[in-house]
Amino acid sequence: MAAAGDGPWLDDAAGRLVRPFTVSNGRTEPSVALDLMSQVMATGVTPLGYLGPEHAQALDLCRAPVSVAEVAAHLKLPAVVTKVLLSDLVDCGALTTKPPVFHHTPTDRSLLEAVLDGLRRQL
């Protein structure tokens, strides 16, 4: 177990000591509709007021266009918590978002097989 004040708040057996929904102050509904494949990007506007360290990490990840799913993966947070954090940043003008663009139907068999193959390679 990590000693108090040492590095990130992690416990080797239990994982994060700060539970994910604490990061979003218990909120589960983002104020902006975000899809996992929505693209988010920093606008260069500095957020006013206090935002938590996870907000700063998310903003740093969004220097170039990135999907909501990628941000969630990098932050190691559930997608719903990440969407709340990102919507906070959109609300204060620090992020811009654009919906995913499908060149074909999202349920296209070849697309789903490609996603499955990519997931298998990651495991």
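Keep in mind that what you see is a predicted model, and the values were worked out from it rather than measured. (Residues numbered from 1 in each chain as written. Predicted model: local features only at pLDDT ≥ 70, side-chain atom pairs only at ≥ 80, totals over all residues. Heavy atoms only, no water.)

Asker: Any chance you could break down the overall build of the chain for me, citing the residues and the numbers?
Answerer: Check the secondary structure of the chain and you find 5 helices and 5 strands. For the chain, the succession of helices and strands along the chain, N to C, is β-β-α-β-α-β-α-α-β-α. Every one of the 123 residues in the chain was classed for burial, and the buried ones make up 27%. Working note: accessible area of the chain is about 8200 Å², and carbon and sulfur atoms make up 60% of it. (Helix = DSSP H or I, 4+ residues; strand = E, 2+ residues; numbered from the N terminus. Buried < 20%, exposed > 50% of the residue type's maximum accessible area, 1.4 Å probe, protein only. Areas by Shrake-Rupley, 256 points an atom, 1.4 Å probe, with all protein chains shown as cover.)

Asker: Explain the sheet that holds strand E4 (residues 66–67) residue by residue, including any values.
Answerer: Read from one edge to the other, the open sheet built from 3 strands follows the order E4-E3-E5, with strand pairing classed as antiparallel. Whereas interior strands pair on both sides, the edge strands pair on one side only; in this sheet they are E4 and strand E5 (95–98). (Pairing = 2+ DSSP bridges.)

Asker: Residues and numbers for the pattern of salt bridges, please.
Answerer: Tallying each qualifying case throughout the model produces 2 salt bridges. In this structure, the salt-bridge partner of arginine 63 is aspartate 60, at a minimum N-O distance of 3.0 Å. Between glutamate 113 and arginine 109 there is a salt bridge, with the nearest N and O atoms lying 2.9 Å from each other. Of this pair, glutamate 113 and arginine 109 both sit in helix H5 (residues 109–122), 4 residues apart, roughly one helical turn. According to the relative accessible area criterion, glutamate 113 is partly exposed, its value standing at 38%. (Salt bridge = Lys/Arg side-chain N within 4 Å of Asp/Glu carboxyl O.)

Asker: How would you explain the environment of leucine 48 if you had to name every residue and give the values?
Answerer: With respect to the helices and strands, leucine 48 occurs in the loop between strand E3 (39–42) and helix H2 (53–61). Each C-alpha atom, one on leucine 48 and one on alanine 94, is 9.3 Å from the other, the two residues being 46 residues apart in sequence.

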